[in-house]
Amino acid sequence: MEEALNELGIAPGDAPEGAPARPGDDARASDGLPPGGSGDGGSGDGGTPAAPQPARRSLKARSSLTDSVFRRLAYAAGGITVAIMLAVGLFLSLRAGSALQVAGIDFLFEQEWMPEAGRFGVAAVLFGTVSIALIALVVSVPLAFGTSLLLSEVLRGKVRSFLISLVDLMAAVPSIVFGLWGFYFLQGAMIPVGQWISINFGWIPVFAVTDADGAQLTTASAFTSSAFIAGIVVGLMVVPIQTSVMREAFSQTPDGEREGALALGATRWGMIRAAVLPFGRGGVIGGTMLGLGRALGETIAVYMIISPIFTINWQVLKTGTNSVSALVALRYGESSEFGLSALMAAGLVLFLMTLVVNFTASSIVARSRSGAEST
């Protein structure tokens, strides 16, 4: 049959001349479709038309009223926080402008503080601020780290709940109470400790206590009101907040990881080292930096303990040191207009230093994700 059609010049499937058209061919031709078959490429005479495609459903969820209110409140709170921070920085910059114009870059390197004479700078007070804060971290971080592990991994039941509440309540103790305690009790108790450290480790420059001629001092009056004592008091002040942050980070470790480590034969310390510490690394760093920011800005306790001087004192056990916050508290009431501008300039330096510490801590915590290695 196909050979006969080929001899006549008719392709197979073509209708011969005069043959009646199949039903539906005229309508399909008007739609631009070939006669016969279905529009979707199907074959067969009088094929059924393609089923209509279902309408696409939108995947965008509609926000409820409570979600919208919460989102707007969260954005508003974040915006207000940033606005307050910028307002504080702008206020300090404007008030410190006249003093910074007079001092220039020497403001960061001058040790004296005599604004009326044109000689003033934050080198000495900035050194004292950093030294007190570092001593505070040396005291606070081991205490906070050990206490947080005790509360999250060792103690259970009512004893644990009681100690957690007690540590949290310690964070609410006013700084003036710590200052009074440090001045009237801790200072006398720490003088023998400072003497022992100076006698046995005086070959290390920061632990030496000497006079102007380099002779070693052993009298008790040479060890009072020092950066060492102020740092211990500030360190005890920041322990509660560091402990709370670290404890919360450790308590978020999944129970499956703890139980898996113990099931594989690990001791309690081995489980803590393999599962809890990697998971809480970000909390440890965040708590440490949070305590550092608190220590840098502590005012009343430091002001009550130290003996203010305006020279860089490398001997942390020796009487005399200073800090930016204590300087502002000491000179604010008696300063002239230009002296207030100089104090605002010192506050601006402390403000910027605190921002640098906080942003550095945020970046470190972001790169040390809990439960994962840094990438």
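Residues numbered from 1 in each chain as written. Predicted model: local features only at pLDDT ≥ 70, side-chain atom pairs only at ≥ 80, totals over all residues. Heavy atoms only, no water.

1. Considering the overall build of the protein chain
Of regular secondary structure, the protein chain possesses 13 helices and two strands. A buried classification covers 36% of the 375 residues belonging to the protein chain. Partitioning the contacts of the protein chain with sequence separation of at least 6, the portion at a separation of at least 24 is 71%. For the protein chain, the exposed area adds up to about 22100 Å²; of that, 65% sits on carbon and sulfur atoms. (Helix = DSSP H or I, 4+ residues; strand = E, 2+ residues; numbered from the N terminus. Buried < 20%, exposed > 50% of the residue type's maximum accessible area, 1.4 Å probe, protein only. Contact = heavy atoms within 4.5 Å. Areas by Shrake-Rupley, 256 points an atom, 1.4 Å probe, with all protein chains shown as cover.)

2. Quick look at the environment of Gly 202
On the secondary structure map, Gly 202 appears in the loop between α6 (175-201) and α7 (227-251). On the basis of relative accessible area, Gly 202 is assigned to the partly exposed category, the value being 24%. In sequence terms Gly 202 and Gln 315 are 113 residues apart; their C-alpha atoms lie 9.8 Å from each other. With sequence-adjacent residues up to four places away left out, Gly 202 is seen in contact with Ile 197, Phe 207 and Ala 208.

3. Side note on the pattern of salt bridges
The full count for this structure, using the stated rule, is eight salt bridges. A salt bridge links Arg 247 to Asp 168; the nearest nitrogen and oxygen atoms lie 3.9 Å apart. Of this pair, Arg 247 sits in helix α7 while Asp 168 sits in helix α5 (residues 157-170), and the two are 79 residues apart along the sequence. Where Arg 294 meets Glu 298, a salt bridge forms, and the shortest distance between an N and an O atom there is 3.6 Å. Residue Arg 294 is classed as partly exposed on the basis of its relative accessible area of 31%. Residue class for Glu 298 comes out buried when judged on its relative accessible area of 6%. Taken together, the shared-partner salt bridges connect Glu 153, Asp 255 and Arg 258 into one network. (Salt bridge = Lys/Arg side-chain N within 4 Å of Asp/Glu carboxyl O.)

4. A few points about the side chain of Ser 226
Within the secondary structure layout, Ser 226 lies in the loop between α6 and α7. Owing to a relative accessible area of 0%, Ser 226 belongs among the buried residues under this scheme.

5. Notes on the packing of helix α4 (residues 123-154) against helix α9 (residues 268-279)
In the contact formed by α4 and α9, the axes pass within 12 Å of each other and the chain directions differ by 105°. Judged on the interaxial angle alone, α9 and α4 are roughly perpendicular. Where α4 abuts α9, its residues Phe 145, Leu 149, Glu 153 and Val 154 lie against Arg 268, Met 271, Ile 272, Val 276 and Leu 277. Its residues assigned to classes, the contact of α4 with α9 comprises seven nonpolar, no polar and two charged. (Axes fitted to C-alpha atoms, helices over the stretch in contact; angles between N-to-C directions. Parallel < 35°, antiparallel > 145°, perpendicular 65-115°, else oblique. Nonpolar A, V, L, I, M, F, W, Y, C, P; charged D, E, K, R; others polar.)

6. Overview of a nonpolar patch on the surface
On the surface, a cluster of nonpolar side chains totalling about 900 Å² of accessible area is made up of Phe 162, Leu 166, Met 170, Val 173, Ile 176, Val 177, Leu 180, Phe 183, Tyr 184 and Ile 300. Within the residue set of the nonpolar patch, elements represented by two or more residues are α5 and α6. The greatest single-element share of the nonpolar patch, amounting to five residues, is contributed by α6. Assignment of secondary structure puts Ile 300 in helix α11 (residues 300-305). (Patch = residues over 30% accessible without salt bridge, like charges linked within 9 Å, V, L, I, M, F, W, Y side chains within 5 Å.)

All quantities given are derived from atomic positions and should not be read as evidence of function.
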